[in-house]
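Observations on the model geometry
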Amino acid sequence: MSERTFIAIKPDGVKRNLVGRIITKFEDKGYKIIGLKLLIPTMEHAEKHYFEHKGKPFYPRLIKYITSGPIVAMVLEGDNVIAESRRLMGATKPEEAEAGTIRFEYAIAKEYNIIHGSDSPESAEREIAIYFKEEELCSDWTTMLESIMSDG
Ligand code: UDP
Ligand code: MG
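This section reports on the structure supplied with the text. Quick caveat, the model's predicted, so the values are computed rather than measured.

Brief notes about the packing of aromatic side chains
What characterises a pair of aromatic rings is the spacing of the ring centres plus the angle enclosed by the ring planes. This model, assessed by the stated rule, comprises 2 aromatic pairs. Between Phe6 and Tyr131, the aromatic rings sit 4.7 Å apart at their centres with planes inclined by 5°, giving stacked as the arrangement. Residue Phe6 is found in strand S1 (residues 2-9), and its partner Tyr131 is found in helix H7 (residues 121-131); the two are separated by 125 residues along the sequence. Here Phe6 and Tyr131 have matching classes, each one buried. Consider the rings of Tyr65 and Tyr112, whose centres lie 4.9 Å apart with planes at 75°: the pair is edge-to-face. Here Tyr65 is found in helix H4 (residues 59-66), whereas its partner Tyr112 is found in the loop between helix H6 (102-106) and strand S4 (115-117), with 47 residues between them in sequence. Look at Tyr65 and you get buried, because its relative accessible area is 6%. Cation over ring: Lys32 sits above Trp141, and NZ or CZ is 5.5 Å from the ring centre.

Section: the nonpolar core
Looking at soluble globular proteins, one finds that nonpolar side chains tend to be buried together. Judged by nonpolar contacts, the single largest core of 20 residues is most densely connected at Ile22, Phe26, Ile102 and Ile115. Mapped onto this core, the elements with two or more residues apiece are S1, helix H2 (19-28), strand S3 (71-79), helix H5 (81-89) and H6. The greatest single-element share of this core, amounting to 4 residues, is contributed by H5. If we ignore the near neighbours within four places in the chain, the residues touching Ile102 are Ile22, Lys25, Phe26, Leu88, Met89, Ala107, Ile114 and Ile115. Of all hydrophobic cores here, the second largest spans 19 residues; its members include Phe6, Tyr50, Ile130 and Phe132.

Here's the deal with the site of ligand 1
Taken together, Lys10, Tyr50, His53, Phe58, Leu62, Tyr65, Arg86, Thr92, Arg103, Lys110, Glu111 and Asn113 make up all the residues around ligand 1. At a separation of 2.6 Å, an oxygen atom of ligand 1 approaches a polar side-chain atom of Thr92. For ligand 1, an oxygen atom lies 2.9 Å from a polar atom in the side chain of Asn113. Across the complex, the protein chains shield 84% of the 500 Å² of accessible surface that ligand 1 would expose by itself. A per-class count over the shell around ligand 1 returns 4 nonpolar, 3 polar and 5 charged.

Regarding the pairing of S3
Taken across its 9 residues, S3 has 8 buried, putting it largely inside the fold. Across 8 bridges, S1 lies against S3 in antiparallel orientation. Among the inter-strand pairings, Ser2 is bridged to a residue of S3, identified as Asp79.

Description of the sheet that holds S1
The pairing of strands in a sheet comes from backbone hydrogen bonds and takes either a parallel or an antiparallel form. Taken in spatial order, the 4 strands make up an open sheet running S2-S3-S1-S4, and their pairing is antiparallel. Lying at the two open borders of the sheet, with one neighbouring strand each, are strand S2 (32-39) and S4. Strand-to-strand twist of the sheet, defined as the mean angle between neighbouring strand axes without regard to direction, takes the value 20°. Here S1 runs beside S4; their pairing, made up of 3 bridges, is antiparallel. Counterpart to Ile9 in the pairing with S4 is Ile115. Sitting on the sheet, H7 touches S1, S2, S3 and S4, and the angle it makes with S1 is about 55°.

Brief notes about the pattern of salt bridges
Close approach of charged atoms lets side chains of opposite charge pair. Following the criterion strictly, the structure yields 9 salt bridges and no others. Measuring nitrogen to oxygen at the nearest pair gives 3.3 Å for the salt bridge that ties Glu146 to Lys32. You can see Glu146 sitting in helix H8 (residues 144-150) and its partner Lys32 sitting in strand S2, a full 114 residues away along the chain. Residue Glu146 is classed as partly exposed on the basis of its relative accessible area of 32%. Assessed through its relative accessible area of 5%, Lys32 is described here as buried. For Lys37, the salt bridge identified is with Glu136, shortest N-O distance 3.1 Å. Taken together, the residues span a long stretch of sequence, with Lys37 in strand S2 and Glu136 in the loop between H7 and H8 at a distance of 99 residues.

Parameters and conventions
All residue numbers refer to position in the chain's written sequence, counted from 1. Each chain gets a letter, beginning with A, and each ligand a number, beginning with 1, in the order they are written. Totals for whole chains, interfaces and linings use all residues, but because this is a predicted model, local features are given only for residues with pLDDT of at least 70 and pairs of side-chain atoms are given and counted only at 80 or more. To get the side-chain values, all heavy atoms of the structure are used, and hydrogens and water are removed first. Classification of ring pairs rests on two measures: the distance between centres of Phe, Tyr or Trp rings, Trp counted by its six-membered ring, which must be within 6.5 Å, and the angle between planes, read as stacked under 30 degrees, edge-to-face over 60 and tilted in between. Helix and strand assignments follow DSSP, with helices taken as H or I runs no shorter than four residues and strands as E runs no shorter than two, numbered in order from the N terminus. Relative accessibility decides the category of a residue: with a 1.4 Å probe and only protein chains considered, values under 20% of the type maximum give buried, values over 50% give exposed, and everything between is partly exposed. Only lysine NZ and arginine CZ atoms are considered, and such an atom sits over a ring when it is within 6 Å of the ring centre and within 35 degrees of the ring normal. To qualify as a nonpolar core, a set must consist of buried Ala, Val, Leu, Ile, Met, Phe, Trp, Tyr and Cys residues joined through side-chain atoms within 4.5 Å. Whether two residues are in contact is decided by their heavy atoms: any pair within 4.5 Å suffices. The nearness test applies per residue and asks whether one of its heavy atoms lies within 4 Å of the molecule or strand. Contacts described as polar in this section are N or O atom pairs within 3.5 Å, which, within protein, must combine one atom able to donate a hydrogen with one able to accept it, while residues neighboring in sequence count only if both atoms come from side chains. Computed by Shrake-Rupley with a 1.4 Å probe, the accessible areas treat only the displayed protein chains as cover when residues are assessed. Classes in brief: Ala, Val, Leu, Ile, Met, Phe, Trp, Tyr, Cys and Pro nonpolar; Asp, Glu, Lys and Arg charged; the others, Gly included, polar. We treat two strands as partners when DSSP finds at least two bridges between them. Axis angles are defined between N-to-C directions and span 0 to 180 degrees, where every axis is a line fitted to C-alpha atoms and, for a helix, only to the segment in contact. Within this document, salt bridges are pairs made up of a side-chain nitrogen of Lys or Arg and a carboxyl oxygen of Asp or Glu, the two lying within 4 Å of each other.

Right, dumping it as structure tokens:
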């Protein structure tokens, strides 16, 4: 079933010039980009985004990290994109990330793991709404994969 997810290249990914390489991985899998922008998250963005981690020991550093520079915020659409993009990202701790995943290749520590992706349909909907207005999303176009699939 086609669904939407929220992906962010975190400030360390942007500062390390990994933006193109990371977006390529999602494009190569056939996902449709329907939202894309560069922004420096405000405290409000950061606190809403990571509310579930409030009170944990790593929370203050996480908020400082995510507000420390621009992120590339993206909304992707596709079949099973939530679970599949989590798999493509790899585990939170880079040393546990499977070979070939984005975090395996580029993350240098669990605190600096370069990418975020929604973990469920509920978090996807919530996170998309933190970073994007509905009118900023552009889903009225057809990827090559969608055209092929609709040809039956
Ligand atoms: N994080 C951290 N230390 C930890 C666990 C998490 O700094 O021990 C940060 C890390 O940037 C991670 C984010 O908090 O990506 C959110 O944690 P979560 O467990 O939700 O991991 P994710 O969903 O990003 O894989
Ligand atoms: Mg998470």
